[in-house]
Amino acid sequence: MVEDYAATLPASAAEMASLLDTCGLALAEDLCADRDFPPFARSTRDGFAVRAGDVSHLPARLRSIGEIKAGAAPEQSGFIVNRGEAVEIMTGAPVPEGANAVVMVEHTDRNGDVVIVKRAVAVGENIVAAASEARCGDVMVARGTRVNHVVAAVAAAIGRPEIAVHRRPRVAILATGDEVIDINLRPGPNEIRNSNSYSLAAQVQTAGGEAVIPPVAPDEADELALLLRKGLEADLLLITGGVSMGKYDLVEQVLASFAAKVFFTGARIQPGRPVVFGEVTSGKATTPFFGLPGNPVSTMVTFQLFARPVLDALAGATPQPLPFAQATLKSEFTTGKGLTRFLPARLGGTHQRPEVEMIRWQGSGDLMAAARGNCYIVVPPDRERFAAGEAITVLMM
Ligand code: AMP
Ligand code: MG
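Heads up: these notes are all about the structure in this document. (Residues numbered from 1 in each chain as written. Chains lettered and ligands numbered in written order. Predicted model: local features only at pLDDT ≥ 70, side-chain atom pairs only at ≥ 80, totals over all residues. Heavy atoms only, no water.)

**Concerning the sheet that holds strand E4 (residues 47-50)**
In spatial order, the strands read E7-E4-E6-E5-E9-E8; together these six strands make up an open sheet with mixed pairing. If you trace the sheet from one side to the other, it starts and ends with strand E7 (101-104) and strand E8 (108-111), each paired once. Within this sheet the neighbouring strands show an average axis-to-axis angle of 40°, counted without direction. Two elements, E4 and E7, share four bridges in a ladder whose sense is antiparallel. Counted as the bridge partner of Gly-47 is Met-104 from E7. (Pairing = 2+ DSSP bridges. Helix = DSSP H or I, 4+ residues; strand = E, 2+ residues; numbered from the N terminus. Axes fitted to C-alpha atoms, helices over the stretch in contact; angles between N-to-C directions.)

**Some remarks on the environment of Thr-299**
Tracing the chain through its elements places Thr-299 in helix H7 (residues 296-314). The sequence separation of Thr-299 and Gly-338 amounts to 39 residues, and the corresponding C-alpha distance is 21 Å. Those residues within four positions of Thr-299 in sequence are excluded, and the remaining contacts are Asn-196, Leu-200, Thr-240, Leu-292, Pro-293 and Gly-294. (Contact = heavy atoms within 4.5 Å.)

**Some thoughts on the pairing of strand E6 (residues 85-89)**
Counting buried positions over the five residues of E6 gives four, a clear majority of the element. Across three bridges, E4 lies against E6 in antiparallel orientation. When the sheet's bridge partners are listed, Gly-47 is paired in E6 with Ile-89. Bridge count between strand E5 (residues 60-68) and E6: four bridges; the pairing is parallel. Its bridge partner being in E6, Ile-68 is matched across the sheet by Ile-89. (Buried < 20%, exposed > 50% of the residue type's maximum accessible area, 1.4 Å probe, protein only.)

Function-wise, these values are silent; they only describe arrangement.
Next up, the structure:
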């Protein structure tokens, strides 16, 4: 449902930005090859450029007629390799005319001008043909892709110190709760610091958004209404707390007074069951909002499962599947049936055998358990008992 809704949202405007400032933002243009990749037939080894036919009978004796290093100007590398000849060549250097393979230096001996080749090579071996990775004009990375280290390398390789990216959508993050205080204040004995706004801000920034954090809203309708109104001026409003069944959980009530359109008020998951999704229209503007449960782990999980696709769309990013993986369960456990659960866990092991260990926790308020984890074990609603050694799905944090 969220994904369908997200598909209808317009992406934020495009702007040019310095490549170094674009990590996590979505491309607003295709990155196209400005020339062939590679631009010349490139040797992938240090060795000798040869004619494959010359080294089919071993050992083969060839005459070395010179050397080509990476970056060599054409006049220094303009050799033509004729029958019985070889040119010493370095990794990254252009393969000379006439040659059609490179023999690794490890498979040769050298005696003055004579190269003794001890292993045969196939035509094309240790050479990447010109334009075999991309042709000039080809799309190397499509618009909508988030800039990461790979995309940054492509942009650099095509000579783009500036690239077009989508602006960061503004995401207001409103924490609620009389017991919740700003983090620069000293908590009284019955108070806790507002951690949710900061976990969400980090998740928002990673997803290419700009986090805006107003003061914490009290569990009091009028002031909550004021802060919600203000929050709805952003491109997306995230509210934490105040959406459960408690007497002072006022968020839904206040949003109802704004004639909010509510798409759902819960999900059969744990943590995060009371998650709310809707939108408020005032004048010409419509702002989507999520009411995320206040327990810190619930907030994190529900952002990732539900709010993230909406932010992706606003940020101009092509929808991505959730980062699921499979691992072997290290220890047995039991849970209740009926809900899909996302339980903090630690993925480790080796590449032959990725293993996941559940982290003991005190429930969805247990921030410390989440902090020791790097993923969630995903428990389907129809299972309650899992044995050590079983394969199980995890969702990366
Ligand atoms: P609520 O969803 O308002 O019922 O809150 C559920 C639990 O999460 C309560 O124990 C709250 O104290 C806690 N909580 C709510 N908001 C925050 C916040 N911003 N930071 C940390 N904990 C919170
Ligand atoms: Mg509350």
